[in-house]
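This is what each chain is made of:
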Amino acid sequence: MNKPAIEDERGTERSTRPGRLRVVGCGNPYAGDDGAGLEIVRRLRENWDGSCELLDRPQAGLELLDCMQGADVILFVDAVSSGAPPGTLHLVPLPSPDLEARGLGALSSHGWGLTEALSLMSALEWQAPRLFLLGVEIETLAPDKPRSEAVEAAIQTVVDSFARLSALLLVLCFRKERHMDHRECHAERSEASSSLTADSCGETLRFAQGDKAISCASSFGGPTLDAPAHGTFAPRHFPPGDKSFPGGS
Amino acid sequence: MKGKTIKVDYLARVEGEGALYLRIKADRVAAVQFKIFEPPRFFEAFLRGRNSTEAPDITARICGICPIAYQMSSVHAMEDAYGIKVEGPLRALRRLIYCGEWIESHVLHVYMLHAPDFLGYPDAIRMAKDHPEAVERGLKLKKVGNDIVTLLGGREIHPINVRVGGFYRVPARRELEPLAEKLKWARDAALETVRWAATLPFPEFEQDYEFVALRHPDEYPFNEGRLVSNKGLNIPVREYENHFVEEHVEHSNALHSVLKDRGAYHTGPLARYNLNFDRLSPLAQEAARAAGLGPKCLNPFQSIVVRSVETLYACDEALRIIGEYEPPEAPAVPFEPRASTGCGCTEAPRGILYHRYRLDKEGVILDAKIVPPTSQNQKCIESDLWEFVPKYLDLPHAQLQHRCEQLIRNYDPCISCATHFLKLKVDRE
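Residues numbered from 1 in each chain as written. Chains lettered and ligands numbered in written order. Predicted model: local features only at pLDDT ≥ 70, side-chain atom pairs only at ≥ 80, totals over all residues. Heavy atoms only, no water.

## A few points about the overall build of chain A
When helices and strands are tallied, chain A shows six helices and eight strands. Traced from its N-terminal end to its C-terminal end, chain A shows the element sequence α-β-α-β-β-β-β-α-β-α-α-α-β-β. Of the contacts made within chain A by residues no fewer than 6 positions apart, 82% connect residues no fewer than 24 positions apart. Accessible surface computed for chain A: about 9900 Å², of which carbon and sulfur atoms make up 51%. (Helix = DSSP H or I, 4+ residues; strand = E, 2+ residues; numbered from the N terminus. Contact = heavy atoms within 4.5 Å. Areas by Shrake-Rupley, 256 points an atom, 1.4 Å probe, with all protein chains shown as cover.)

See below:
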């Protein structure tokens, strides 16, 4: 397979054209709060101004690899579980030592999720654009249950603040962020006191005891690292009701 | 090796949740259990009361890997009930969408789930570091299969464009042209896949299976044909339940299917290949021969080569269909509901998938029966283990366990599909 041609596509045009942001909603629309990512994308689509690309991947597995090309920044929006109060928003650069594999990830294609897709890209040394996860802390995954109030409010916060979020991500993208490499990622992981479990398919919590060995992706900053790095974008966590989301650049 | 237990609590690289339990006593196998503990899913129960036209969309949800198989078996069953026949370009488009599913499902298994066994890796991610070209070929090839399903089915997973009588929308010729370009690459990549798979190391192990597959007068089977076996079975699909029965065993949430008075049988790529080698395209036959396979293949470990040959066939067949395609006048054949019972059996990537529906005069489903391929292969998997383990008792424990898991993966078991309505039996003394 040809390597994704992001490097060529960016090249000289970069300074003259606006950055391309892609938002990918993941989750299961039939399992309570798990559909939060899909719902955010659905609401954004209602007032879409064409400034970014909106995709939904309710069955995010290997197919996630197909949406990694042709954008400068990709924001995955998914339900997460870290023990924080429901409705907390987590904005995390990827790859992240805080993101656990789904457990069955390496084992069954039913278990493939974002972490596994990133690990495979890393193993193949594919270059990728800047990647972020916007995690919405869930309260319930019960089938047929309505979304919890806290998650409903968080969804609206994201939708209302989307213009600022989008601007922030694009600024970060062109600010030549330093990327964490594979070994650093593992080292941090072993020290991490809490971890997020991204849920791309609605079955996370059942398999939280995962294969830690593959739990973190690695270094694919590639073409965005063409200048000396200065600083790392630290994960940001916004408790329910925090109006400062997504924060400044 | 004396008394010993091999226990795998979570089988890796299979679709869904299953386990293996094996007891060896005094160098003899004392117990084999291929356990499916994924909870039952009750699809047959909640199809009751739904309209026949909803069955393809509901049953597609049984599996994210092979939804087309469920759509195809359900629509053929409904068309059998209503006495209509879907022919010409609509029939060809159904074969085409099935080609897409075989490609994506087979390639996923060959490269991501099965190959790591032969090359000595715990998973495809770690295999990818040393074999990036192969994994990238697999990913790109799988995507061509997904692209076919997306174009004809509306989206790649749980497609929504298949309906009783045909499709909701059919493509124009020009929409298929970009697909043809991708398929030309895919056909070469599939040929390379056959060559590559043939170089893998296979344990010596042949079994005298009863193979069961569809057989059509002049096609490699997807949607139509009689059910045949290499041991004398030759019946129309309607007689399925006179010859096959489902049994509940305590250690599995999936019913075991057996041939009446004969027991285990083998369905899937190996069965199709052995019963239909002469129906493969010349290119696929030639590639199989070059890979060292004859018209018969009795070693289940070589199923990875057979899956690759079927992938090649699917690319070849898809190109043939696209080359001959003229859009039909209407996207679907009209029908009138009537009280009736209909049966359908099609060749899912993992083997025959049987559906039977009883409908009232409005077309409402009164009851449904669905027999997926993995539930049919469970007994065969267990009998393989009974035969295989005594031959390899000298292997160190970890290696023997790995071989047993690999043997199960030969069947590409889709446990999520296989688990369905469980009859409750209470023994009281």
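Next comes the rest of the write-up.
## Some thoughts on the sheet that holds strand S12 (residues 351-359) of chain B
Residue and element names in this part refer to chain B. What the three strands build is an open sheet, ordered S11-S12-S13; its pairing is antiparallel. At either end of the open sheet lies a strand with only one pairing partner, and these are strand S11 (340-348) and strand S13 (365-371). If you compare each strand with its neighbour and ignore which way they point, the axes differ by 15° on average. Two strands pair when backbone bridges link them, and S12 and S13 are joined in this way by six bridges, in the antiparallel orientation. (Pairing = 2+ DSSP bridges. Axes fitted to C-alpha atoms, helices over the stretch in contact; angles between N-to-C directions.)

## Here we look at the packing of helix H6 (residues 132-153) of chain B against helix H7 (residues 173-198) of chain B
The angle between the axes and the distance between the axes are what describe a pair of packed helices. All names here are of chain B. Relative to each other, H6 and H7 sit at 145°, their axes nearing to 9 Å. Between H6 and H7 the crossing geometry is left-handed. Residues Ala134, Arg137, Lys140, Leu141, Val144, Asp147, Ile148 and Leu151 of H6 touch H7, and the partners they reach there are Glu175, Leu176, Leu179, Lys182, Leu183, Trp185, Ala186, Ala189, Ala190, Glu192, Thr193 and Trp196. Among the residues forming the contact of H6 with H7, the class breakdown is 13 nonpolar, one polar and six charged. (Left-handed = near helix turned anticlockwise from the far one by under 90°. Nonpolar A, V, L, I, M, F, W, Y, C, P; charged D, E, K, R; others polar.)

## Examining the sheet that holds strand S6 (residues 212-215) of chain B
Working definition: the strands of a sheet are paired by backbone hydrogen bonds and lie parallel or antiparallel to each other. Residue and element names in this part refer to chain B. As summarised here, the arrangement of the three strands in space is S6-S7-S8, forming an open sheet in which the pairing is antiparallel. Looking along the sheet, the strands with just one partner apiece sit at the ends: S6 and strand S8 (234-235). Here helix H9 (residues 269-276) sits on the sheet in contact with S6 and strand S7 (226-229), set at roughly 50° to S6.

## What to know about the packing of helix H4 (residues 88-119) of chain B against helix H13 (residues 397-409) of chain B
All names here are of chain B. Their axes nearest at 10 Å, the elements H4 and H13 cross at an angle of 155°. If you check the angle between H4 and H13, you find them roughly antiparallel. Here the hand of the crossing between H4 and H13 comes out left-handed. Contacts between H4 and H13 involve His109, Leu113, His114, Asp117 and Phe118 from the former and His402, Gln406 and Arg409 from the latter. Residues that form the contact of H4 with H13 fall into these classes: two nonpolar, four polar and two charged. (Parallel < 35°, antiparallel > 145°, perpendicular 65-115°, else oblique.)

## Overview of H9(B)
The α-helix advances 3.6 residues per turn, and as a result positions three or four apart in sequence lie on the same side. Among the eight residues in H9(B), eight count as buried, and that is most of the element. Here H9(B) has its buried residues at Pro269(B), Leu270(B), Ala271(B), Arg272(B), Tyr273(B), Asn274(B), Leu275(B) and Asn276(B). (Buried < 20%, exposed > 50% of the residue type's maximum accessible area, 1.4 Å probe, protein only.)

## Some points on the environment of Arg163(B)
All names here are of chain B. Here Arg163 lies in strand S4 (residues 162-163). Arg163 sits 106 residues away from Asp57 along the chain, and the two C-alpha atoms are 8.2 Å apart. Once residues lying within four places of it in the same chain are set aside, the contact partners of Arg163 are Pro56, Val75, Glu79, Arg94, Tyr168 and Ala332.

## Overview of the pattern of salt bridges
All names here are of chain B. Counted according to the given criterion, the structure contains 41 salt bridges over all chains. When the shortest N-O distance is used, the salt bridge between Asp123 and Arg126 registers 2.6 Å. You can call Asp123 buried: its relative accessible area is 1%. Here Glu241 makes a salt bridge to Arg356, at a shortest N to O gap of 2.9 Å. In this pair, Glu241 sits in helix H8 (residues 240-243) while Arg356 sits in strand S12, placing the two residues 115 residues apart along the sequence. Residues participating in the shared-partner salt-bridge network are Arg91, Arg95, Glu219, Glu224, Glu317, Arg320 and Glu324. (Salt bridge = Lys/Arg side-chain N within 4 Å of Asp/Glu carboxyl O.)

## A look at the packing of aromatic side chains
All names here are of chain B. As enumerated under the stated definition, the model contains 19 aromatic pairs over all chains in all. Between Phe205 and Phe301, the aromatic rings sit 6.3 Å apart at their centres with planes inclined by 75°, giving edge-to-face as the arrangement. Note that Phe205 is positioned in the loop between H7 and S6 and Phe301 in the loop between helix H10 (282-290) and helix H11 (303-324), a separation of 96 residues in sequence. This pair shows no difference in class: Phe205 is buried, exactly as Phe301 is. Following the ring pairs from residue to residue traces out a cluster consisting of Tyr98, Trp102, Tyr220, Phe222 and Tyr313. (Phe/Tyr/Trp six-rings, centres within 6.5 Å; stacked < 30°, edge-to-face > 60°.)

Fair warning: the whole summary comes from geometry, so function is off the table for now.
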